[in-house]
Amino acid sequence: MSVVSDIEKVLGNAEKLNPELNSFLSIERENALARAAEIDSKTGEQKLRGLAVAVKDNICTKGMRTSCGSRILHNYRAQYDATAISRLNAAGAIVVGKTNMDEFAMGSSNESSAFGPAKNPWDVTRVPGGSSGGSAVAVASGVVRVALGSETGGSVRQPASLCGIGGLKPTYGRISRYGLVAFASSLDSIGIFGKTSRDIAEVLGVIAGRDPLDSTSADVPVSDYIANITNSIEGKTIGVPRELLGDGMDADVREKVYAAIDNFVSLGAKRVDIELPYAKYGIAVYYIIATAEASSNLARYDGVRYGFRADESDELRKMYFKTREEGFGPEVKRRIMLGTYVLSSGYYDAYYSKAQKVRALVKRDYVAAFTKCDAILTPTSPSVAFKIGEKSDDPLAMYLNDIYTVSANLAGVPAISIPCGLSNDGLPVGVQLVGNFWSEDALLNFAHTYETAYPLNEKPPVYAD
Ligand code: GLN
């Protein structure tokens, strides 16, 4: 089959399902077909030849809309490609559309998008998770095999878990952040969704690695992630933290995650108990550091340089205020206010500086734990997909969704979520494996081995053929 006909099919499915799922903010029919024709006309090996990829709308794609799910960038077209995108393009992949997301990646449900929430294909009255909800839905609904998302505190793993697919957050510095619109720069990372871990491995191998355009990208050799999938985890150790398997998760989640531990053991892994004593401060620390950095990063949206500008601007300061007031939604404003507060002179030491110290302790916990095990297992999310509207008026309840995911971002270590069954209501449950720095290959092998032996065979009711 030609690449053009493959891409036609993907675009057709995206267009057919989008009215119901709202997972794409833009479907790039013309661009994608032009790229497909170009690839068809060339011969030669390309690692990802013709692979359709959906991309979160905070990753810059030249000439395409890049709205960050925000009114303030509703009409913004990126001037350049993110490094991850140029590497995908060079390998023959094709961006088929830009996906829905919580505004500026702030949220765990996709409900803070200025363009309406994406819906979970397992039950369209429920959220797909967030903030990379649209990318997760695009994969879970069978439109694409892989999608890019971004992570600051769980925004790939949590929606992967709620949608029944795989989602990887790599080590901080593994994938260039050049062209990823900044939320909290010391935590942000591009992440990858895949139907299978193999799909994730394929894409990671192409986009990982040092990039002179991002000084925080690391000069650490990129493994051959596919070759390192051996399908054996015999003798590998899985650490189970007492603190993170305690109370606070749904009964369904508990049952499936405990079963996943037994399944790993039946595949030859050894279980060890470990401790992460500072993990319980993860949420508090994250919501100080992430908001502090966001308040600074989002200062650039002032109606002068990018996107939306409020009318009636007889005076410059008034124009700034009005633009930001009308351009940002309530969650983004809440974060900017919180972040400005924790950085203000009277409170800096009590909040921001203290949070940095606790962050160092969270990281130290992981370093100690990885002397005892190869990966740490926890639930990805305390609950299955919740109803649209259920938590949208309660920011704290929403923030608590991130309880198992944020500490990997604080420490900078990689983590993956894979499906481990369905709840009694038929909704996916995810299990998370956190690895040591640069151990993406080990995580992908754990994940692949698991999903080969215990695949999630069910498909969601809303699914592309
Ligand atoms: N849900 C978290 C937040 O709202 C994580 C977001 C993310 O990882 N981008 O900040």
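Within the secondary structure, Ser-217 sits in the loop between helix 6 (197-207) and strand 7 (237-241). Here the side chain of Ser-217 touches Asp-211 through a polar contact of 2.8 Å, landing on its backbone nitrogen. Non-local contacts of Ser-217, meaning those with residues more than four positions away in its chain, are made with Gly-173, Ser-176, Gly-209, Arg-210 and Asp-211.

Our focus in this paragraph is the sheet that holds strand 5 (residues 166-169). One open sheet holds the 11 strands; their spatial order is 1-3-2-4-6-5-10-11-9-7-8, and the pairing between them is mixed. Unpaired on one side and paired on the other, strand 1 (24-27) and strand 8 (270-274) mark the two borders of the sheet. Neighbour to neighbour, the strand axes of the sheet diverge by 30° on average, direction disregarded. Helix 7 (residues 251-266) rests against strand 7, strand 8, strand 9 (375-379), strand 10 (415-422) and strand 11 (428-435) of the sheet, and its axis sits at about 50° to strand 11.

Before going further, it helps to examine the environment of Val-362. Assignment of secondary structure puts Val-362 in helix 11 (residues 349-369). For Val-362, a relative accessible area of 1% puts it in the buried group. Taking the C-alpha atoms as reference points, Val-362 and Ser-407, 45 residues apart in sequence, are found 6.9 Å from one another. Residue contacts for Val-362: discarding those within four places in its chain leaves Tyr-278, Ser-407 and Leu-410.

If a probe the size of a water molecule is rolled over the atoms, the empty space left behind becomes visible. Applying the stated criterion to the full structure yields two cavities of 30 Å³ or more. Volume-wise, the largest cavity comes out at about 80 Å³. Looking at the largest cavity, it is lined by 13 residues, and the ones nearest its centre are Gly-107, Ser-108, Ser-155, Tyr-286 and Asp-402. Per-class residue counts for the lining of the largest cavity are five nonpolar, six polar and two charged. Its boundaries defined by the atoms lining it, the second largest cavity holds a volume of some 30 Å³. Forming the walls of the second largest cavity are Asn-58, Ala-105, Ser-150, Glu-151, Thr-152, Leu-180, Val-181, Phe-183, Asp-188 and Ser-189. Within the lining of the second largest cavity, the residues separate by chemical class into four nonpolar, four polar and two charged.

What counts, and where the lines are drawn
Residues numbered from 1 in each chain as written. Predicted model: local features only at pLDDT ≥ 70, side-chain atom pairs only at ≥ 80, totals over all residues. Heavy atoms only, no water. Helix = DSSP H or I, 4+ residues; strand = E, 2+ residues; numbered from the N terminus. Polar contact = N/O pair within 3.5 Å; in protein donor to acceptor, adjacent residues only side chain to side chain. Contact = heavy atoms within 4.5 Å. Pairing = 2+ DSSP bridges. Axes fitted to C-alpha atoms, helices over the stretch in contact; angles between N-to-C directions. Buried < 20%, exposed > 50% of the residue type's maximum accessible area, 1.4 Å probe, protein only. 1 Å grid on protein atoms, 1.4 Å probe; cavity = no way out; pocket = protein on both sides within 12 Å on 5 of 7 lines; lining within 4 Å. Points joined across faces, edges and corners; volume = space filled by probe spheres on them. Nonpolar A, V, L, I, M, F, W, Y, C, P; charged D, E, K, R; others polar.

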